[in-house]
Amino acid sequence: MSGQHPGLLPVREVYGPGEWRGDPGQPGQWPFLRGVQPTMYTGKLWTMRQYAGFGTAEQTNERFRLLLSAGQTGLSTAFDLPTQMGYDSDHPMAAGEVGRVGVAIDTVDDLAVLFRGIPLDRVSTSMTINATAGILLAMYVVVAEEQGVARKALSGTIQNDLLKEFIARGTYIYPVVPSLRLITDIFRFVADEGMNFNPISISGYHIREAGATATQEVGFTLSNALEYCRRAVAAGIPIDRFGPRLSFFFAAHNDLFEEAAKFRAARRLWARLARERFGADDRTCMLRFHTQTGGVTLQAQQPLNNVVRVAVQALAATLGGTQSLHTNGYDEALALPTPAAATLALRTQQILAHESGLARTVDPLAGSYYVEHLTDRIEEGARELIREVDEIGGAVAAVERGYYQEAIGRSAYEYQKAQEDGRVVVVGVNRFATDEPPSDLPSPNFAALEARQRDLVAAARQRRDGARVAAALEAVRSAAGSDRGLMPHLIDAVRARATLGEIADCLRAQWGVYRP
């Protein structure tokens, strides 16, 4: 049932004791179906982590400060496409894209401006960055040390999930094998430094946004997680040295009960897989995850309806036991979220936390025949998908064969057809539509923004010691061609004021680029 998209499911009105496995167990106990902590939100609320990033570092710093003053409890950074793809803002490939879907970061000084006035030992920072994740982590470490903050005092997450880039999102640079090597290097660095930092956020969000079902989101995400763990263990890192710092990232869509069940199923299935495959201890078996409400569910028509969609999705995430949550602005189908929309999205979380009664008990849906039945079905379906990936030879082989891409494409096509013929109702789009004109939202002057950022990176090159930069970049290139850890060399290059694009080019020269 739950392998299909919501709205395409057969209607069954009554669920009873024979349709689920029985006792859901206790929260805080393996396999953690009911939550990773015994008290969950009755003891501590989830982290309210609004995603923000656009234009220059100064502009994004202003938005960070606005959200922190409104009660946000964690930062989440969006980077522009040139930053994600390893190009400086003055590179020809960056033309027309600087600052458009996130903040432009060319040097460590840009990152310092991004966090100006924000003490890094007192906030948790998530960075949505993948192919250049090691470079951004190096920059974050250097910004912290120049603030006088020790590495062990830093907390946060880098996304650093390249497999889902090859599957669904597309911001990859290097071939699969060296990309995985860099991820393993980051795992080792974070463990060796004793950092309170998640070295990866294994992401189902983008898989779901590409058109996957709830069951595919769980199955494909966990199959990727197994691949990362196998690679790290093969590199000599014990599972329980890095496993407790693995983080996951899921989408929350509109089917309230299926989504809540999805999160519960993912938690139980990961606990079982980590124990079965690696003999992991309880800390590694705890699936901790961030949730973002579904970007693809936001509609440009009647955009205020998105306020309700986001509230339902946020409720599903919290009923499912998320550790942190981003709620989308209602206007994001049209433009970057306005300050008012971003604040309202945060208020949505605060109302759920403080007015809904949600935090008065742990796992309030536990024992519901319907929810437990959905939980079992999603887990069973996801385990079957993982078995199929195993038969292919693991996640890397499945990427190279196009298994994931084909499966997601089929699901996306089925759902799109169902919307177009009315079997799936989208309020304000294919039913209850009006002739309401689209909202007119202001747009930044991106041409001026890009020109200013190009000037900044040119000035940064003028200020630095060229010989020191060249030596640091050569050390990066040499390490990339050996089996030495890369992170210390990335940090040295960043400290010398090498640009993100220059460092990424060293790795391109050594590893090449991925061609599907």
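Residues numbered from 1 in each chain as written. Predicted model: local features only at pLDDT ≥ 70, side-chain atom pairs only at ≥ 80, totals over all residues. Heavy atoms only, no water.

Considering the overall build of the chain
For the chain, the helix and strand inventory stands at 20 helices and nine strands. What you see for the chain is a C-alpha radius of gyration of 22 Å, in line with the 24 Å of a compact globule of 516 residues. Burial status across the chain gives 57% buried among its 516 residues. Long-range contacts, defined as pairs at least 24 residues apart, comprise 79% of the intrachain contacts of the chain with a sequence gap of at least 6. Looking at the chain as shown, the accessible area adds up to about 19700 Å², and 52% of this sits on carbon and sulfur atoms. Taking the average location of the 53 positive side-chain charges in the chain and that of its 58 negative ones, the two points are 4 Å from each other. (Helix = DSSP H or I, 4+ residues; strand = E, 2+ residues; numbered from the N terminus. Rg over C-alpha atoms; globule rule 2.2 N^0.38 Å. Buried < 20%, exposed > 50% of the residue type's maximum accessible area, 1.4 Å probe, protein only. Contact = heavy atoms within 4.5 Å. Areas by Shrake-Rupley, 256 points an atom, 1.4 Å probe, with all protein chains shown as cover. Lys, Arg positive; Asp, Glu negative; His and termini not counted. Charge placed at Lys NZ, Arg CZ, Asp CG, Glu CD.)

Digging into the pairing of strand 7 (residues 246-252)
Burial within strand 7 is extensive, with seven of its seven residues counted as buried. Neither face of strand 7 is open: one carries Leu 246, Phe 248, Phe 250 and Ala 252, the other Ser 247, Phe 249 and Ala 251, and all of them are buried. Note that strand 6 (residues 200-203) and strand 7 share four bridges and pair parallel. Bridge pairing links Ser 203 to Phe 249 in strand 7. (Pairing = 2+ DSSP bridges.)

Some words on the packing of aromatic side chains
Per the counting criterion, the structure on display carries 19 aromatic pairs. Consider the rings of Tyr 205 and Phe 249, whose centres lie 4.9 Å apart with planes at 5 degrees: the pair is stacked. Note that Tyr 205 is positioned in helix 7 (residues 205-209) and Phe 249 in strand 7, a separation of 44 residues in sequence. Phe 249 carries the same exposure label as Tyr 205, and that label is buried. Ring centres 4.9 Å apart and planes at 80 degrees place the aromatic pair Phe 220 and Tyr 404 in the edge-to-face group. Of the two residues, Phe 220 sits in helix 8 (residues 214-234) while Tyr 404 sits in helix 16 (residues 403-420), which places them 184 residues apart along the sequence. For the pair Phe 220 and Tyr 404, one class covers both residues: buried. Taken together, the aromatic side chains of Phe 248, Phe 250, Phe 263, Trp 270 and Phe 289 make up a single cluster linked through ring pairs. Just above the ring of Tyr 87 sits the side chain of Arg 508; from NZ or CZ to the centre is 4.5 Å. (Phe/Tyr/Trp six-rings, centres within 6.5 Å; stacked < 30°, edge-to-face > 60°. Lys NZ or Arg CZ within 6 Å of the ring centre and 35° of its normal.)

Structural notes on the environment of Arg 495
Mapped onto the elements of the fold, Arg 495 is located in helix 19 (residues 487-495). Taking the C-alpha atoms as reference points, Arg 495 and Tyr 41, separated by 454 residues in sequence, lie 40 Å from one another. Look past the residues within four positions of Arg 495 in its chain and what remains in contact with it is Val 142, Glu 145, Arg 151 and Arg 468.

Quick word on the side chain of Gln 313
Among the secondary structure elements, Gln 313 is positioned in helix 12 (residues 305-319). Setting aside residues no more than four positions away along its own chain, Gln 313 makes contact with Ala 252, His 253, Asn 254, Thr 293, Gly 294 and Thr 297.

Regarding the state of the cysteines
Scanning the model with the defined rule gives zero disulfides in all. Residue Cys 229 stays outside any disulfide, its sulfur separated by 10 Å from that of Cys 285, the closest cysteine. When its relative accessible area of 0% is taken as the criterion, Cys 229 is described as buried. For Cys 285, a relative accessible area of 0% translates into the label buried. (Disulfide = S-S within 2.5 Å.)

Quick notes on the pattern of salt bridges
Scanning all chains against the criterion turns up 37 salt bridges. Between Asp 363 and Arg 264 there is a salt bridge whose closest N-O contact spans 3.0 Å. You can see Asp 363 sitting in the loop between helix 13 (339-355) and helix 14 (369-392) and its partner Arg 264 sitting in helix 10 (residues 256-278), a full 99 residues away along the chain. By the burial criterion, Asp 363 is buried, and Arg 264 matches it. The salt bridge partner of Arg 495 is Asp 492, with a shortest N-O separation of 3.0 Å. (Salt bridge = Lys/Arg side-chain N within 4 Å of Asp/Glu carboxyl O.)

Remarks on the environment of Glu 209
Among the secondary structure elements, Glu 209 is positioned in helix 7. In the structure, Glu 209 is positioned 180 residues away from Val 389 in sequence and 20 Å away in space, judged by C-alpha atoms.

Considering the packing of helix 5 (residues 162-169) against helix 6 (residues 176-193)
At a closest axis distance of 9 Å, the pairing of helix 5 and helix 6 adopts a crossing angle of 140 degrees. Here helix 5 lies oblique to helix 6, going by the angle between them. Contacts from Leu 162, Leu 163 and Phe 166 of helix 5 reach helix 6 at Val 176, Ser 179, Leu 180 and Ile 183. (Axes fitted to C-alpha atoms, helices over the stretch in contact; angles between N-to-C directions. Parallel < 35°, antiparallel > 145°, perpendicular 65-115°, else oblique.)

Details of the nonpolar core
Core analysis: the largest hydrophobic core is formed by 139 residues, its most contacted members being Leu 111, Leu 137, Phe 248 and Trp 270. Here the element with the most residues in this core is helix 4 (residues 133-147); it accounts for 11 residues. Once you skip the residues sitting within four places of it in the chain, Trp 270 turns out to touch Leu 222, Ala 225, Leu 226, Cys 229, Leu 246, Phe 248, Thr 284, Cys 285, Met 286 and Leu 287. (Core = buried A, V, L, I, M, F, W, Y, C linked by side-chain atoms within 4.5 Å.)

Quick look at helix 18 (residues 466-480)
For helix 18, with 15 residues, the first-to-last C-alpha span of 21 Å sits near the 21 Å given by 1.5 Å per residue. When helix 18 is considered as a whole, its buried residues turn out to be Val 469, Ala 472, Leu 473, Val 476, Ala 479 and Ala 480. For helix 18, the angular spread of buried residues about the axis comes to 125 degrees, placing them on one side. Of the residues that open helix 18, the one with a side-chain oxygen 3.1 Å from the backbone nitrogen of Ala 467 is Asp 465. (Expected span 1.5 Å × (residues − 1). Arc of directions from axis to C-beta. Polar contact = N/O pair within 3.5 Å; in protein donor to acceptor, adjacent residues only side chain to side chain.)

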